Amino acid sequence: LSDASHYHQIASNLADGRGYSLAFPTGVLHTTAFRPPLYPMLLGGAQRVFGNELEVGRAVNLVIGVGVAVLAFELARRIAVAERMAQTYAGADGVAAVLLAGSVARGLADARSDVEVDVYWRRTPSDAERRAVVDDAGWDWVYAEVDEHEWADGVWLDGVKVDVSQFVTAPIDGYLDALREGDT
């Protein structure tokens, strides 16, 4: 039997109230852990609602495929925004590093995800320097906040909200020096 056949049989058994069961390999219907449960449960739910037909499974697969394509597109779009932003910030005088953070960095972004970028300055940037990066690039401001630990700027770039957290490298250099000296 094929994988597809097993998934269809488990889904049919779920839809018909026989639980997560399969007649493989013994030919006798029994509870099984032979296949991971999420996909057969999704198929079984759809078959319970729309009928135990192969076309129902094909429709579920179509919806899943389209969903994966949309998510891949949105992730790629956000990565492209982050790359564009990183290149722009990296070109600013005094910037030591630019890092991608958050759900985009972890590959978990979706159509609602913002992009989080961390910018590390070698020295304290002036407000004019920070604003110039955004203004010169033609990005739209959402917010600009400053506290004793960071400069937080929010911008819109290509229809994606980007949160830019900016820091100076001195505290990090201090942490690294302490680690080198054995202070953990």
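Note that residues are indexed from 1 along each chain, following the sequence as it is written. Where local features are concerned, this predicted model is filtered to residues with pLDDT of at least 70; where side-chain atom pairs are given and counted, the filter is 80 or more; whole-chain, interface and lining totals use all residues. The basis for every side-chain value is the complete set of heavy atoms in the structure, and neither hydrogens nor water enter the calculation.

Peer 1: Is there a simple way to explain the packing of aromatic side chains in this structure?
Peer 2: Each aromatic ring pair is described using two quantities: the centre-to-centre distance and the angle formed by the ring planes. Pairing of aromatic rings covers Phe, Tyr and the six-membered ring of Trp, with a centre-to-centre limit of 6.5 Å; geometry is then stacked below 30 degrees between planes, edge-to-face above 60, and tilted otherwise. This structure, assessed with the given rule, holds 4 aromatic pairs. Any Lys NZ or Arg CZ that is within 6 Å of a ring centre and within 35 degrees of that ring's normal is treated as a charge sitting over the ring. Just above the ring of tyrosine 7 sits the side chain of arginine 35; from NZ or CZ to the centre is 5.4 Å. When the ring centre of tryptophan 141 is taken as origin, the NZ or CZ atom of arginine 131, which lies over that ring, is 4.4 Å away.

Peer 1: What's the story with the sheet that holds strand β3 (residues 95–101) in this structure? I'm lost.
Peer 2: Strand-to-strand pairing in sheets goes through backbone hydrogen bonds, with the strands running parallel or antiparallel. Sheet architecture is open: 5 strands sit in the order β3-β4-β7-β6-β5, paired in mixed fashion. Both outer strands of the open sheet, β3 and β5 (140–146), are each paired with one neighbouring strand and no more. Pairs of neighbouring strands in the sheet enclose a mean axial angle of 20°, with direction left out of account. Whether two strands pair comes down to DSSP finding at least two bridges between them. Here a helix means four or more residues in a row that DSSP labels H or I, a strand means two or more in a row labelled E, and each is numbered from the N terminus. By the bridge criterion, 6 bridges tie β5 to strand β6 (residues 151–157) in an arrangement that is antiparallel. What sits directly across from valine 146, in β6, is tryptophan 151. Against the sheet, helix α3 (residues 54–90) makes contact with β3, β4 (115–121), β6 and β7 (160–168), and its axis sits at roughly 35° relative to β7, the strand it touches most. Note on geometry: axes are C-alpha line fits, over the in-contact stretch for helices, and angles between N-to-C directions span 0 to 180 degrees. For this analysis, residues touch if any pair of their heavy atoms sits within 4.5 Å.

Peer 1: Just checking my understanding: could you explain the pairing of β7 for this structure?
Peer 2: Each regular strand carries side chains that alternate between the two faces of the sheet. Under the scheme applied here, a residue whose accessible area is under 20% of the maximum for its type counts as buried, over 50% as exposed, and between as partly exposed, the area being computed with a 1.4 Å probe on protein chains only. Of all 9 residues in β7, 7 are buried; the element is thus mostly enclosed. Of the pairings in the sheet, the one linking β4 to β7 comprises 7 bridges and is parallel in character. Within β7, the position partnered with valine 119 by the bridge is glutamine 166. Bridge analysis of β6 against β7 gives 7 bridges, and the strand direction is antiparallel. Looking at the pairing, alanine 152 lines up with serine 165 of β7. In this structure, the hairpin formed by β6 and β7 is closed by a connection of 2 residues, where aspartate 158 is found at a positive phi of approximately 55°.

Peer 1: Looking at this structure, how should I read the pairing of β6?
Peer 2: Within β6, 6 of the 7 residues are buried, which leaves it mostly tucked inside the rest of the structure. The turn linking β5 back onto β6 is made up of 4 residues.

Peer 1: Would you explain α3 in this entry?
Peer 2: Every α-helix winds through 3.6 residues per turn, so residues three or four apart in the chain are directed the same way. Between its terminal C-alpha atoms α3 stretches 53 Å, which fits the 54 Å expected from 37 residues at 1.5 Å a residue. Buried within α3 we find Val56, Gly57, Val60, Glu74, Arg78, Val81, Ala82, Met85 and Tyr89. How far a helix is expected to stretch is found by multiplying one less than its residue total by 1.5 Å.

Peer 1: What is the right way to look at unusual backbone geometry in this model?
Peer 2: Between phenylalanine 24 and the following residue, proline 25, the backbone shows a cis peptide bond with an omega angle of 0°. Relative to the helices and strands, proline 25 is located in the loop between β1 (21–22) and β2 (30–31). In this structure, aspartate 158 is a non-glycine residue whose phi angle is positive, near 55°. Mapped onto the secondary structure, aspartate 158 falls in the loop between β6 and β7.

Peer 1: Would you explain the nonpolar core in this entry?
Peer 2: Within soluble globular proteins, side chains that are nonpolar tend to cluster in buried spots. Membership of the largest hydrophobic core comes to 22 residues, with the highest contact counts inside it found for Met85, Tyr89, Val115, Val119, Trp139 and Val162. Broken down by secondary-structure element, the contributors of at least two residues to this core are α3, β4, α5 (127–137), β6 and β7. Contact partners of valine 115, with chain neighbours within four places excluded, come to Arg78, Val81, Ala82, Leu100, Val104, Val160, Lys161, Val162 and Asp163. Remark: nonpolar core denotes a set of buried residues (Ala, Val, Leu, Ile, Met, Phe, Trp, Tyr, Cys) joined through side-chain atoms within 4.5 Å. If you look at the next biggest cluster of nonpolar residues, it comprises 6 residues, including Tyr7, Ala11, Leu43 and Ala46.

Peer 1: Looking at this structure, how should I read the pattern of salt bridges?
Peer 2: One side chain can pair with another of opposite charge once the charged atoms of both are near each other. Between Lys or Arg on one side and Asp or Glu on the other, a salt bridge is scored when a side-chain nitrogen of the former is within 4 Å of a carboxyl oxygen of the latter. Tallied over the full model, the rule gives 14 salt bridges. Residue aspartate 16 is joined to arginine 18 by a salt bridge in which the shortest nitrogen-to-oxygen separation is 3.3 Å. Assessed through its relative accessible area of 43%, arginine 18 is described here as partly exposed. Arginine 180 serves as the salt-bridge partner of aspartate 177, at 2.7 Å between the closest nitrogen and oxygen. Residue aspartate 177 and its partner arginine 180 are located together in helix α6 (residues 170–180), separated by 3 residues, close to a single helical turn. The class of arginine 180 is exposed, set by a relative accessible area of 63%. Members of the salt-bridge network, linked through shared partners, are Glu74, Arg77 and Arg78.

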